Amino acid sequence: ARRRGWRQIGETKMNKSSSRSHCLFTLKVHAKKVVDSTGAVMECMGKLHLVDLAGSEAAKSAGNEDAKVERERKNINQSLLTLGRVISALKENNTNQRIPYRDSKLTRLLQESLGGRCKTVIIATVSPSVLSVEETISTLNYAQAAHGIQNKPVATSYLKVGGADRPATAGGNTNANGANVQDWNQMECRLTYLQTELDEAQAALSRKHQEQQRIVDRAEEAEAERDRYHHELTLSQEEVEREQSRVRALAGRLSETLCEVEKRDCVIGARKNTEASLTGEALALASTLRAALSEGGRYHAALEAHAAEQQKV
């Protein structure tokens, strides 16, 4: 609670309790542990930084004409601007580019947390108000840029054997008891690196296996599709051959039908000619018969008249 009183706050148009400076709380941890009966001691050291960043302020939005507040606003914006340049430089990952850690006290204190050997967590606080949408977008862009930084956390641990006063070195030294002292930190880094490489290799192998399985599945699907198309093609060819056979049979039947039609036309034509000649002969016979009947009538009338005269005589 006493340390909380050191945090400087002030009232602006945008915030009633606005932070007037960045707040940094650092907790250092130093632990020792005896690992065996020979007096070997494992020393672990670490730091925990809790940082409360003051938000950037625009003069028009904050609206305070006090010279002290204006100076605080400039200092806050300057340190945040430097922090933004550091984040942008780290995100680009250009080895030839200078990282401006020393341009601000804030970035100098947080050098290990930004692209260094520490684990870093960023909590971005935004406002749900529609009036603060620009500040919300700016905060989210800031956090997104910081999210792209790749840190390489390293555990700061040392193994001391036989009460050695200094930590082990990478090459290994021999103390008064003739014990071989090795750098435990180097060993842990190496082990972590190898474990990371193993995890990445296993993940890559798993991805390759999954990709290969997908390719095999696609190949099997393609083969099944090919077999199905081949079967359909065979059926279609057989259907075409059957249709062609039917067409040839129909063509033969059509040819036979045409021959029969021609023969029937010839028979019908001959029959028509015969009927015409018979009709002409019948008409001639009918005319002759009518003439004979007329002649017979005259002869009959003459006979009747002759018979009547004979009776009178």
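Being a predicted model, the structure only gives us computed values, none of them experimental.

Analysis parameters
Residues numbered from 1 in each chain as written. Predicted model: local features only at pLDDT ≥ 70, side-chain atom pairs only at ≥ 80, totals over all residues. Heavy atoms only, no water. Helix = DSSP H or I, 4+ residues; strand = E, 2+ residues; numbered from the N terminus. Contact = heavy atoms within 4.5 Å. Areas by Shrake-Rupley, 256 points an atom, 1.4 Å probe, with all protein chains shown as cover. Buried < 20%, exposed > 50% of the residue type's maximum accessible area, 1.4 Å probe, protein only. Core = buried A, V, L, I, M, F, W, Y, C linked by side-chain atoms within 4.5 Å. Patch = residues over 30% accessible without salt bridge, like charges linked within 9 Å, V, L, I, M, F, W, Y side chains within 5 Å. Salt bridge = Lys/Arg side-chain N within 4 Å of Asp/Glu carboxyl O. Lys, Arg positive; Asp, Glu negative; His and termini not counted. Charge placed at Lys NZ, Arg CZ, Asp CG, Glu CD.

Draft legend 1. Fine view of the overall build of the protein chain. When its secondary structure is counted, the protein chain shows 5 helices and 7 strands. Tracing the protein chain from N to C terminus, the helices and strands come up as β-β-β-β-α-α-α-α-β-β-β-α. Long-range contacts, defined as pairs at least 24 residues apart, comprise 53% of the intrachain contacts of the protein chain with a sequence gap of at least 6. By element, 55% of the accessible surface of the protein chain is carried by carbon and sulfur atoms, the whole surface being about 24700 Å².

Draft legend 2. View of the side chain of threonine 82. Relative to the elements of secondary structure, threonine 82 occurs in helix H2 (residues 67-92). The class of threonine 82 is buried, set by a relative accessible area of 0%. Dropping the residues within four chain positions of it, threonine 82 is found in contact with Pro100, Asp103, Ser104 and Thr107.

Draft legend 3. Seen up close, the nonpolar core. Leu83, Val86, Ile87, Leu90, Tyr101, Leu106, Leu110, Leu114, Ala146 and Ile149 together form the largest nonpolar core, which totals 10 residues. When residues of this core are assigned to their parent elements, the largest contribution, 4 residues, is made by H2. What leucine 110 contacts, discounting residues up to four positions off in sequence, is Leu24, His49 and Val51.

Draft legend 4. How the structure looks around a negative patch on the surface. A contiguous patch of negative charge on the surface is contributed by Asp217, Glu220, Glu221 and Glu223. Mapped onto the secondary structure, glutamate 223 falls in helix H5 (residues 184-312).

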